[in-house]
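# Reading the structure
The primary structure of each chain is shown beneath.
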Amino acid sequence: MSDIARAVAFYEGKLGLVALWSAPSATIADGSRIYASGGGPALNVYQSVTAGKTSATLATWYVDDIDEIVDELSSSGVEFARYEQIEHDAKGITERAGGGRIAWFQDPDGNTFAIEADV
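One structure accompanies this document, and this report is about it. Since we're looking at a predicted model, the values are computed, not measured. (Residues numbered from 1 in each chain as written. Predicted model: local features only at pLDDT ≥ 70, side-chain atom pairs only at ≥ 80, totals over all residues. Heavy atoms only, no water.)

### Considering the packing of aromatic side chains
Taken as a whole and assessed by the stated rule, the structure comprises nine aromatic pairs. Seen from their ring centres, Y11 and F113 are 6.0 Å apart, and the 85° between their planes marks the pair as edge-to-face. Of this pair, Y11 sits in helix α1 (residues 4–14) while F113 sits in strand β7 (residues 112–117); the two residues are 102 residues apart in sequence, bridging distant segments of the chain. F113 shares its class with Y11; the two are buried. Ring plane angle 25° and centroid distance 5.8 Å describe the contact between F105 and F113, whose orientation is recorded as stacked. Residue F105 is classed as buried on the basis of its relative accessible area, which comes to 1%. When its relative accessible area of 4% is taken as the criterion, F113 is described as buried. (Phe/Tyr/Trp six-rings, centres within 6.5 Å; stacked < 30°, edge-to-face > 60°. Helix = DSSP H or I, 4+ residues; strand = E, 2+ residues; numbered from the N terminus. Buried < 20%, exposed > 50% of the residue type's maximum accessible area, 1.4 Å probe, protein only.)

In structure tokens form, the structure reads like this:
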């Protein structure tokens, strides 16, 4: 993230992730967070000048009920990405190659994440 305060507002406020601890990041005091996901530490978010520079999906969360999770995140203000070359349903969910369903969203810097389910 280009700004750790914006990161905290998004990852904790909108996604509802729980920070396990914070630490310095390079020369930025308190510039990093480790978030819990699935019962253990899973996501390290830190302030960086290279934030949002890749179009690749940085992380994917696998869930049992994608509709429920997309609804919860949407109600928290998360907007799901829609790509012109892919057909999406009204919620922004699309069929995944090989079966299952997927929805993508971005953080305030444009880093892309996904939610996937096998059904």
